[in-house]
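Notes for the structure review
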2 protein chains.
Amino acid sequence: MNQDYIKPDNWSIIEEGFDVERVKSSESLFSIGNGAMGQRANFEETYTGPTFQGSYIAGVYYPDKTRVGWWKNGYPEYFAKVLNAPNWIGIDIEVDGEKLDLYTCKSVTNFRRELNMKEGWYQRSFHAVLPNNIEVSVTSTRFLSLDLDEVGAIKYEITPVNQEATIALIPYLDSGIMNEDTNWDDKFWDTYNLAHEENAAYILSKTMKTEYHVCTGMMNQVFVNGIQKNVSPKVEANGTYIHLKYTLQVRKGETAGLTKFGGYTVSLNHKEEDLQATSKAILKQASESGFNTLLNLQKKAWSSIWEMADIVIEGDVKAQQGIRFNIFQLNQTYLGKDARLNIGPKGFTGEKYGGSTYWDTEAYCIPFYMATKDQGVARNLLTYRYNHLEKAIENAEKLGFTNGAALYPMVTMNGEECHNEWEITFEEIHRNGAMTFAIYNYVRYTGDYTYVTEKGLEVMIAIARFWHQRATFSTEKNKYVILGVTGPNEYENNVNNNWYTNYLAKWCIEYCIENINTIKTQYKSDYQWIIEKTNLNQEEINAMLEVADQMYFPYSEKYQVYLQQDGFLDKELITVDNLDRSQRPINQKWSWDRILRSPYIKQADTLQGFYMFEDQFTKEELTRHFDFYEPFTVHESSLSPCVHSIQAAALDRMDQAYTFYLRTSRLDLDDYNKEVEEGLHITSMAGTWMSIVEGFGGLRIKNDTLSFSPKIPKEWKGYTFNVNFRNQILKVKVSQEGTSFTLEGTKELLIYVDNKEFKISPNSLITV
Amino acid sequence: MNQDYIKPDNWSIIEEGFDVERVKSSESLFSIGNGAMGQRANFEETYTGPTFQGSYIAGVYYPDKTRVGWWKNGYPEYFAKVLNAPNWIGIDIEVDGEKLDLYTCKSVTNFRRELNMKEGWYQRSFHAVLPNNIEVSVTSTRFLSLDLDEVGAIKYEITPVNQEATIALIPYLDSGIMNEDTNWDDKFWDTYNLAHEENAAYILSKTMKTEYHVCTGMMNQVFVNGIQKNVSPKVEANGTYIHLKYTLQVRKGETAGLTKFGGYTVSLNHKEEDLQATSKAILKQASESGFNTLLNLQKKAWSSIWEMADIVIEGDVKAQQGIRFNIFQLNQTYLGKDARLNIGPKGFTGEKYGGSTYWDTEAYCIPFYMATKDQGVARNLLTYRYNHLEKAIENAEKLGFTNGAALYPMVTMNGEECHNEWEITFEEIHRNGAMTFAIYNYVRYTGDYTYVTEKGLEVMIAIARFWHQRATFSTEKNKYVILGVTGPNEYENNVNNNWYTNYLAKWCIEYCIENINTIKTQYKSDYQWIIEKTNLNQEEINAMLEVADQMYFPYSEKYQVYLQQDGFLDKELITVDNLDRSQRPINQKWSWDRILRSPYIKQADTLQGFYMFEDQFTKEELTRHFDFYEPFTVHESSLSPCVHSIQAAALDRMDQAYTFYLRTSRLDLDDYNKEVEEGLHITSMAGTWMSIVEGFGGLRIKNDTLSFSPKIPKEWKGYTFNVNFRNQILKVKVSQEGTSFTLEGTKELLIYVDNKEFKISPNSLITV
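The rules we used
- Residues numbered from 1 in each chain as written.
- Chains lettered and ligands numbered in written order.
- Predicted model: local features only at pLDDT ≥ 70, side-chain atom pairs only at ≥ 80, totals over all residues.
- Heavy atoms only, no water.
- UniProt positions renumbered as here; feature names shortened; annotations may be inferred.
- Helix = DSSP H or I, 4+ residues; strand = E, 2+ residues; numbered from the N terminus.
- Rg over C-alpha atoms; globule rule 2.2 N^0.38 Å.
- Contact = heavy atoms within 4.5 Å.
- Lys, Arg positive; Asp, Glu negative; His and termini not counted.
- Charge placed at Lys NZ, Arg CZ, Asp CG, Glu CD.
- Phe/Tyr/Trp six-rings, centres within 6.5 Å; stacked < 30°, edge-to-face > 60°.
- Buried < 20%, exposed > 50% of the residue type's maximum accessible area, 1.4 Å probe, protein only.
- Lys NZ or Arg CZ within 6 Å of the ring centre and 35° of its normal.
- Pairing = 2+ DSSP bridges.
- Domains from an automatic or database assignment.
- Buried area = accessible area lost by both parts, 1.4 Å probe.
- Salt bridge = Lys/Arg side-chain N within 4 Å of Asp/Glu carboxyl O.
- Polar contact = N/O pair within 3.5 Å; in protein donor to acceptor, adjacent residues only side chain to side chain.
- Nonpolar A, V, L, I, M, F, W, Y, C, P; charged D, E, K, R; others polar.
- Least-squares fit on C-alpha atoms with pLDDT ≥ 70 in both.
- Axes fitted to C-alpha atoms, helices over the stretch in contact; angles between N-to-C directions.
- Core = buried A, V, L, I, M, F, W, Y, C linked by side-chain atoms within 4.5 Å.
- Expected span 1.5 Å × (residues − 1).
- Bend = angle between axes of the 7 residues up to and from the residue.
- Parallel < 35°, antiparallel > 145°, perpendicular 65-115°, else oblique.
- Left-handed = near helix turned anticlockwise from the far one by under 90°.

Going by what an unreviewed UniProt entry lists, chain A is known as Maltose phosphorylase and is assigned to Aquimarina atlantica. As stated in UniProt under Sequence similarities (unreviewed entry), the record for chain A gives "Belongs to the glycosyl hydrolase 65 family."

Spelled out as structure tokens, the structure:
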């Protein structure tokens, strides 16, 4: 781990003490979001020290022009940027005319941050001595409402403690913001109107190019010692900024308070011409409810999320804090309400990676959302890709594929590819297989075959076509080969016959044809329109099957393992434990060529295949491959430790599984990868959930129902988790002594525990 | 070929007829340069049609900030841009107040361009009807002086043919220019002074970042019917532009003329504070000599270049025009006077590729300069790399190499790497071997071993160290392997065991150690200081030799050929002649991944090794490899046809050799690669020279002297070429009947012709 300042706590993330070096890290860790918007934990008041400012609106992006050294045919025209949105949280403070700025205060004591995950709010408090020697005590609490997801609320309280003072509370809106990752200090927002009315103000702006119109609004209330005051604000504005200044005379020990309701209304959800009126109406509603009422609703909303999604760990507070942090962040990022949205790898906590959607969703996030939400949420995630099928076909056409073959993008906002490293965009094609895998995963878990007949098969056919066309025949090997790819391990580029990719390609074709046959016999009317729409014929099916049947897989007789790719054994096979610590992380220390020719693996690659298709291999095969590959794995992808944790647990290596679990669950809290300042790793958090549920709990789907093989790390007394399985909730409690299952539902459920059948009646408990 | 509008002519490049579609191509083809500066053939007067404006000053570049999608460790901070320099050729024309602009004229007839290569001047003439119906006849002649290489001269003559007219001649200077390849419309020049005096004007500007100060100057003379007139100009200027406007009343049929002397003085060569005074002095000198006197000097200077460098081809005017165009452009680009300069791949004809120096110089250009110039020119080129040795060591250190290992940059202006595609910058490491090869080539040709003792061995040791460290041991193969490289064929990236690279690595180590041993026994005092300076010991030498001895080479028993790289035979081996024409050039039609997994070869790769180390292989081996690889070669690198022409000639396949010869010699004239608009391919022009001298003439070095095996394409009556061999000139004349040799020198010369010994006395002729 790289940092250790977060206080262990079961339900909260807590920082104590002010350290300018930690501000950017904490801005990431204390981020809040409600699925529709979110922000980094920037201070409300001015801060002139190092900070990374960020507010984000779901679905609002900017297609930044891409420039690469040398253009290659097929590169996308733009790179989608997660866009820093207008700031509505700002509240400047003046104390006897002196600006409050923690970077310039004479002292800052009792500084404390708390992110209360149970109730969904963030609070910061501190005691500061300003340059003019006035001492103030400040508490600021804020949350983004889950109920009214266009609104957030801040209660900002300040008390002069050593003398009376004139306190100006200056809430503002600012659309003159920039992205940290702007290439050329470009502005991405065009502000076209500022307005104010009594205690409210609005900025109307739109994103350039994409033309998302956004009304950023605020409505304020002023208090002294908790009693609302009617103070007329002084308004000041310039082209992209507006503030309301409330000036109060405050006696020593009295508390001046400001409640600020703010947020966005966006043309994605409203008519452009209604944005300001809608903003006003929503802010009025929030304002009239008041901070405390809204906060109580917030607590209830989070309570109902936790009721389903919580994992309780007894006897290990750091592990408990880790998993709750992960579950909390996933729910802050994506709630599944809106099929146009997806799960950005940094959520609302940073700009890095751009775009909202990676294969992370299909490969890592679906299980979490299937088990902890209504199954419609996972279906929404699948539908997102179905809606992008046409763009995926266009994307494949740009690369020379024909006849309705689809290549889903590596990174996207709207279905178009928007990433442009050739070794990723053009070659990391295994992502395409994850789309089919997610359908398979959804169907086996939910039993909802209607998705396949209505949408899924079309996607699967387009993907099978891609693999069919992408494979080529090697006369040398007398097999089909897939040349020039990048596997999940991005520390290899443009390799031949990446085992994972080849395996997935074969599987995608076979699974597609299996479904064609199922639909042909069992859903005849669907079969007709799908075949007509996709123009599929038996000749093409036969050709596809030929590729699947004759696929080549690199294999070492010596080690009895599938090789990650052709030529892997030519590398200097020095394991990671023989690598000098000073050389790590290698992605920060080594030049790219050195990484590429090394044996080091960024994340599960061959093992990713063993994870996804576990039941197609024996435990001995898994052991051999795990023992061969894990020692070369540097886990420098956030998606790496979770898969290894699950596999270590499957191999009864609980110490190793536990170590990987800590690494995945506290990746950001302890900043393992030395980059938490840039934002959190949201998608891998779903992997943390899998580490417990699939790893320790051993959840699998077997014979069309749930199967468990519960294990428990020796550090824990017990743990519990819940899964929503086909609209019944199964609650699982594992302790050192045994496992109990409680079913909330209406139908008896058959499950397997350690391969033995058990039947659970509704609302009853069994112990194994 | 892609275009066919250049008139065949033995000594000139001629275009007839005005076609807006051809303007940019012709701007490239009619470019002029004098080694110190150069320009594209832009019109002097305003042209509002499609044009690519370019003036360039040798050694003046701009380190443009590089932006890549995702930064990788070791990337250089900047990409060197060939910088469009202030325009001094501009002469605007107004006829009765109407601007002359060929794009808006009612008609343009008798349009003709001629680039006279024999005498080194460029002329354009036309007849135009302006929108105001005035008909004018214009002739403009210009050249860049070889004698005064900071000066160029233009004679611009205009005659109103249908009525009298007020003609304004408006010579100007303009530093408000931009690069075509600017990423963000950035300006790279900062203009800080404009001045004028009588008929002269000056702009002082400097490049941003690199701070090259440049005085751009002009001095003008006005004539009517050839008689100089004293007309006071009206001056107009703004921040980056200054003109002098001469207004003349000209009768129908009379000719208004302007002679403009212009050019640059640069802080590379003068003190910054003297630039304007120096410019003035030089322009005055030119101006007082007058246009015709300067032009006569120009003719003489080119005559002496041609005396040595000309190749005469009888009976094939297109072939003749091609080779002269190539020799002419090489001499326009680099004359070997200044060891700080090198041979940019586009010379002074365009911006593409950036940077001035590629491995092209060492691999392709050295033989031409060795044989057609004093041998000091080639030594200067080698010294250029010696002077960059320290930077090459730093470059290797950035990539993790130690102990004085050097990696020469892929592209450079000052020794630093300035290209940033990882697959090129980090992996196209074979360039390093070309540095050693050039020393070997120089020594075997010139016999000048002092270069090795004084400078070359240091370079060779640093390069041998690189190869030693870069190779790794494969226990699987029980050999040393070189993983993750890009060979000369850039249509493969990040491959393992590129045969050419492995072969070159082995050879570099062996040749270095051979020279260490030679110096140890024959140059003992040099040995001492070199060993001390480089800190070399026997242990390191042994380790290096072990790598060379145990190097792995991929080989196919089935085809009996070395494989371009591991896995080459897994590709779909469809030869180029089975590829649909509409798919070519593949680099314009296919996405990068498709190119990479195809078998298609951009330029000689395995065959490049057979070219460089021809005497290490049998003719049967060459035949086999040529027959295997050439059918997959698309020759989309300008450096490709020449090597294949030489090898086809060596294999007595004269038809094929001739086809390749035409392709290399007329690559730009006929625009084979559909990109001549961007500029000319200068470095490959040296390959054209090699095609004749080494290919048809069969020139090799054998037993420390010249060896020939002359052949002649059936299309030719005969051809001649000259080589400067160790300060004697051998003139070679090959005809269908036989070959004659004439020696200009002082010592008898032994040569081989078709492996038979002949002795030639000075100033005598032998016929074989």
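**Looking at the overall build of chain A**
Scanning chain A for helices and strands turns up 20 helices and 33 strands. Taken over the C-alpha trace, chain A has a radius of gyration of 27 Å; the compact-globule value for 768 residues is 27 Å, and the two agree within 12%. A principal-axis box enclosing the C-alpha atoms of chain A has dimensions of 85 × 60 × 55 Å. For chain A, the proportion of contacts with a sequence separation of at least 24, taken over those separated by at least 6, is 68%. Here chain A contributes 77 positive and 102 negative side-chain charges, whose respective centroids are spaced 2 Å apart.

**Description of the packing of aromatic side chains**
Residues and elements named next belong to chain A. Per the counting criterion, the structure on display carries 119 aromatic pairs over all chains. For the ring pair Trp-590 and Tyr-600, a centre distance of 6.1 Å and an interplane angle of 55 degrees mean the geometry is tilted. Pair noted here: Trp-590 is in the loop between helix H14 (586–589) and helix H15 (592–597) and Tyr-600 is in the loop between H15 and helix H16 (606–612), with a separation of 10 residues, a long-range link. The buried category is assigned to Trp-590, whose relative accessible area is 7%. Connected via pairs of aromatic rings, a cluster forms that spans Phe-437, Tyr-440, Trp-499, Tyr-503, Trp-507, Tyr-511, Phe-553, Tyr-555, Tyr-562, Phe-610, Phe-613 and Phe-617. Sitting above the plane of the Trp-590 ring, Arg-594 keeps its charged end 4.2 Å from the centroid.

**Let's talk about the pairing of strand E19 (residues 241–250) of chain B**
Residue and element names in this part refer to chain B. Relative to E19, strand E13 (residues 165–174) is paired through eight bridges, and the arrangement is antiparallel. When the sheet's bridge partners are listed, Ala-165 is paired in E19 with Val-250. By the bridge criterion, five bridges tie strand E18 (residues 234–238) to E19 in an arrangement that is antiparallel. Residue Val-235 lies in a different strand from E19, and its bridge partner there is Leu-244. From the end of E18 to the start of E19, which pair antiparallel, there are two residues.

**Structural notes on the domain arrangement of chain A**
Residue and element names in this part refer to chain A. Taken domain by domain, chain A consists of domain 1 (12–307) and domain 2 (374–570 + 606–617). Its C-alpha centre places domain 1 at a distance of 44 Å from the equivalent point of domain 2. Approximately 1100 Å² of surface area, both sides summed, lies buried where domain 1 meets domain 2, with 66% of it carried by carbon and sulfur atoms. Contact with domain 2 buries surface across domain 1, with Tyr-75, Pro-76 and Tyr-78 losing the most and accounting together for 41% of the total. Inspection of the region where domain 1 meets domain 2 yields zero salt bridges. Between the two partners, domain 1 and domain 2, sit one residue pair in polar contact (both at pLDDT 80 or more). Looking at which element gives the most residues to the side of domain 1 that touches domain 2, the answer is strand E6 (residues 78–82), with three residues. Here the side of domain 1 that touches domain 2 is composed, by residue class, of seven nonpolar, three polar and one charged.

**Things to note about the pattern of salt bridges**
In total, this model carries 84 salt bridges over all chains according to the counting rule given. For Glu-744 of chain A, the salt bridge goes to Lys-731 of chain A, with nearest N and O atoms at 3.4 Å. Placement of Glu-744 of chain A in strand E30 (residues 739–744) and of Lys-731 of chain A in strand E29 (residues 728–735) is noted, with a sequence separation of 13 residues between them. A salt bridge links Asp-338 of chain B to Arg-340 of chain B, with the nearest nitrogen and oxygen atoms 2.9 Å apart. Residue Arg-340 of chain B is classed as partly exposed on the basis of its relative accessible area of 44%.

**A look at the relation of the copies chain A and chain B**
In screw terms, the move from chain A to chain B is a rotation of 180 degrees and a rise of 0.1 Å along the axis, fitting with an RMSD of 0.1 Å. Look at the turn and shift together and you get a two-fold axis relating the two. Here 100% of the contact residues of chain A are again contact residues in chain B; the copies associate through an equivalent surface.

**As for the sheet that holds E30 of chain A**
Backbone hydrogen bonds are what pair the strands of a sheet, in a parallel or an antiparallel way. All names here are of chain A. Ordered in space as E21-E28-E29-E30-E33, the five strands form an open sheet in which the pairing is antiparallel. Because the sheet does not close on itself, it has two edges, and the strands there are strand E21 (312–314) and strand E33 (765–767). Averaged over neighbouring strand pairs, the angle between their axes works out to 15 degrees when direction is ignored. Note that E29 and E30 share six bridges and pair antiparallel. Residue Val-734 lies in a different strand from E30, and its bridge partner there is Thr-739.

**Here's the deal with the side chain of Gln-608 of chain B**
All names here are of chain B. Mapped onto the secondary structure, Gln-608 falls in helix H16 (residues 606–612). In this structure the side chain of Gln-608 is engaged in a polar contact, spanning 2.8 Å, whose partner is the side chain of Tyr-364. Contacts of Gln-608, omitting those with residues within four sequence positions, involve Trp-359, Ala-363, Tyr-364, Tyr-500 and Val-643.

**Some thoughts on the interface of chain A and chain B**
Across the contact, 50 residues belong to chain A and 51 residues belong to chain B. In total, about 4500 Å² of surface goes out of reach between chain A and chain B, with carbon and sulfur atoms giving 53% of it. For Asp-570 of chain A, the salt bridge goes to Lys-477 of chain B, with nearest N and O atoms at 2.4 Å. Joining chain A to chain B, the criterion identifies eight residue pairs in polar contact (both at pLDDT 80 or more). When contributions to the side of chain A that touches chain B are tallied by element, the ones reaching two or more residues are helix H8 (422–425), strand E22 (472–474), H14 and H15 of chain A. It is H15 of chain A that contributes the most residues to the side of chain A that touches chain B, five residues altogether. In the side of chain A that touches chain B, the residues fall into 17 nonpolar, 14 polar and 19 charged.

**Thoughts on unusual backbone geometry**
All names here are of chain A. Cis peptide bonds are those with omega within 30 degrees of zero, and the linkage from Arg-584 to Pro-585 qualifies with -5 degrees. Here Pro-585 lies in the loop between strand E25 (561–562) and H14. Not every positive phi belongs to a glycine, and Glu-211 is a case in point at roughly 55 degrees. Relative to the elements of secondary structure, Glu-211 occurs in the loop between strand E15 (200–207) and strand E16 (213–224).

**Things to note about the pairing of E29 of chain A**
Residues and elements named next belong to chain A. Examined bridge by bridge, strand E28 (residues 718–725) and E29 share eight bridges and lie antiparallel to one another. The residue of E29 that forms the bridge with Thr-720 is Lys-733. Linking E29 back to E30 in an antiparallel pair, the connection comprises three residues.

**Some thoughts on the nonpolar core**
Residues Leu-100 and Leu-730 of chain A together with Leu-100 and Leu-730 of chain B are the most contacted members of the largest nonpolar core, which totals 482 residues. When residues are assigned to domains, this core turns out to be shared by domain 1 (12–307) and domain 2 (374–570 + 606–617) of chain A, each giving three or more. Ignoring any residue separated from it by four or fewer positions in sequence, one finds Leu-100 of chain B in contact with Glu-45, Thr-46, Ile-93, Cys-105, Phe-126, Ala-128, Leu-130, Val-136, Val-138, Tyr-156 and Ile-158 of chain B.

**A word on helix H5 (residues 360–372) of chain B**
A rise of 1.5 Å per residue sets the reference length of H5 of chain B, with its 13 residues, at 18 Å; its end C-alpha atoms lie 18 Å apart and thus fit the reference within 8%. At Ile-366 of chain B, H5 of chain B shows its maximal bend, which comes to roughly 45 degrees, and the proline Pro-367 of chain B appears one to four places after that position.

**Thoughts on the environment of Asn-331 of chain B**
Residues and elements named next belong to chain B. Structurally, Asn-331 can be placed in helix H4 (residues 317–333). Residues Asn-331 and Trp-306 lie 25 residues apart in sequence; the distance between their C-alpha atoms is 9.7 Å. Look past the residues within four positions of Asn-331 in its chain and what remains in contact with it is Trp-302, Ile-305, Ala-309, Phe-368 and Lys-373. Reaching out from Asn-331, the side chain makes a polar contact with the backbone oxygen of Ile-327 at a distance of 3.0 Å.

**Section: the packing of helix H11 (residues 499–522) of chain B against helix H12 (residues 524–534) of chain B**
A pair of packed helices is characterised by two quantities: the angle between their axes and the separation of those axes. All names here are of chain B. The N-to-C vectors of H11 and H12 enclose an angle of 125 degrees; their axes lie 6 Å apart at closest approach. As summarised for this structure, H11 and H12 are arranged oblique, according to the angle between their axes. Between H11 and H12 lies a crossing of left-handed hand. Residues Ile-516, Ile-519, Lys-520, Thr-521 and Gln-522 of H11 form the contact with H12, whose participating residues are Lys-524, Asp-526, Tyr-527 and Ile-530.

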